[in-house]
Amino acid sequence: MAGVVVLLAAAGLVVPALPAYAEEPVVDVGVTVVGTRLAANRTDKIAVVKVSNHGTVTPDLLALDYDAGDVDSGKVRIDPLLDECDVDGDEQDERWSCPLRGEQIPGPGETVELPLLVIKTTDQLTEAYRATLAVSVTPWSDGKPLTDADPANNGAEHVIELATVSGGDLTVVAPDITREIDPADAFDDDPQSAPLNPGDRTVASAYVVNQGDWFAMTLSLRMTVPAGLTFEERDGDCGTSADLRTMTCLIEPGNLTSREGVQILFPVRVASDLDAPATYSGGTVTVSGTNFTRPPDEEAARRAAALPSYVRKVSNLPPIPDDVDASDNTDEFAAVVTAAAGGGPGEGGGGGDVGGLPVTGPQARLIGGIGVSVLFAGVVLILVARRRRVVLVAPQDEQPAA
């Protein structure tokens, strides 16, 4: 069992390409957490633990540690939903130490996003409850911890909140772009793919899930791809910037209920003159709900239908414009471009090594939670949804740029 994921970043950030190989090996990993605020009528939510590799090499193992000693288990509990975790605590599970191996470890410039299940264990709250959760990550190689170049980002404390307000709560996920995929096949469960090279055509994707206790009627989505990539086609409800790097769309899925999600795909092109191998950061996607509405009360509707002819129900409460937890409304992603076989623009090589630390290629993974499974370009996402809706931004005639 796994959970939905996300990475918080500043929209529009453009970072120069990070070479996949470096002369001086640098070990630098970091961790942060988003999405830990629950709407009043939700009993659980998938928060996101984001483990990023800011260095130039890939450790053999990452130790991910959670400390919930400050959390009152009579009000809320957490579960990392990861395998092989060691659990400790006198009366309740309070501390977890979870190893990350293989594809769970991000390569240089990449981020792995992991689930964290937050469970409300009481229905007696009269005011908001807040508690502190500490999360940290340590790189290992050859059976010993490594010296991290920036230990300040290896751990932090995060607030878990059981809110007393209701509303929509959108979570957005955008996986790194690491493979060449034909847009016509991108919605297949296991589409054919190849390493992403300069000049290739592929797709940028976003997954949006409503984890609130109100419905989302309309979604506003803005995506910017990393420098060196451009959007290829535009849909009638979307507009692109003059440089074709930013797409803005208004999407109306209609009553996106709690635990329901959408998948969105955009065809993109990689510039033929990009240096490779390299990781191009700076991709972002931000989503907001422009209209959250209260779920229908079936019993109230039945009573209203039985009202006498001279009595009429006038309206429900007005929509709530704000998201209960905006920390998980933005995701950052990168494009990992490899050199074409036999050479190509900017083909590189060499680089340093640290003990058993291999310099690796694309490894980004999304590990999602409660719901349906979506296999996409080597990325596994299990949406927090009982039913998946799909929104394809399909090729159409060219329109004026927004």
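Residues numbered from 1 in each chain as written. Predicted model: local features only at pLDDT ≥ 70, side-chain atom pairs only at ≥ 80, totals over all residues. Heavy atoms only, no water.

### As for the pairing of strand β22 (residues 278-293)
So the rule is basically this: Burial classes: relative accessible area under 20% of the type maximum marks a residue as buried, over 50% as exposed, and values in between as partly exposed (1.4 Å probe, protein chains only). A helix here means a DSSP run of H or I that spans at least four residues, while a strand means a run of E at least two residues long, and both kinds are numbered starting from the N terminus. For two strands to be treated as a pair, DSSP must find at least two bridges joining them.
Extensive coverage of β22 is indicated by the burial of 12 of its 16 residues. Note: strand β17 (residues 215-224) against β22, nine bridges, orientation antiparallel. When the bridges of β22 are listed, Met223 appears paired with Val285. Across seven bridges, β22 lies against strand β23 (residues 330-337) in antiparallel orientation. Residue pairing in the sheet places Gly283 in a bridge with Phe333 of β23.

### Description of the confidence of the model for the protein chain
Heads up, the rule is: Scored between 0 and 100, pLDDT is the confidence that the predictor attaches to each residue. For this analysis, residues touch if any pair of their heavy atoms sits within 4.5 Å.
Residues with a pLDDT of 70 or more make up 70% of the protein chain, whose mean pLDDT is 75. Per-element mean pLDDT across the protein chain ranges from 26 in strand β24 (residues 373-376) up to 97 in strand β18 (residues 229-231). Every residue in residues 1-22 is under pLDDT 50, and counting partners more than four places away or in other chains gives 95 contacts.

### A look at unusual backbone geometry
Cis geometry is adopted by the peptide bond preceding Pro277, which originates at Ala276 and carries an omega value of 5 degrees. Assignment of secondary structure puts Pro277 in the loop between β21 (261-270) and β22. One non-glycine residue, Leu81, lies in the positive phi region at around 60 degrees. Given a relative accessible area of 12%, Leu81 falls into the buried group. Phi angles above zero are rare outside glycine, and Leu244 is one such case at about 65 degrees. Structurally, the position occupied by Leu244 is in the loop between β19 (238-240) and β20 (246-251).

### Quick notes on the side chain of Ser52
The test is simple: Between N or O atoms, a polar contact is any pair within 3.5 Å; within protein, one atom must be a potential hydrogen donor and the other a potential acceptor, and residues adjacent in sequence are included only when both atoms are from side chains.
On the secondary structure map, Ser52 appears in strand β4 (residues 44-53). Relative accessible area serves as the criterion here: at 9%, Ser52 is assigned to the buried category. Of note is the side chain of Ser52, whose polar atom sits 2.9 Å from the side chain of Thr111.

### Regarding the state of the cysteines
Stated formally: In this description, the term disulfide denotes a pair of cysteine sulfurs within 2.5 Å.
Applying the stated rule across the entire model yields two disulfides. Across the disulfide from Cys238 sits Cys249; the S-S distance is 1.9 Å. Disulfide Cys238 to Cys249: torsion about the S-S bond roughly 110 degrees, handedness right-handed. With Cys238 in strand β19 and Cys249 in strand β20, the pair connects residues that are 11 residues apart, well separated along the chain. This pair shows no difference in class: Cys238 is buried, exactly as Cys249 is.

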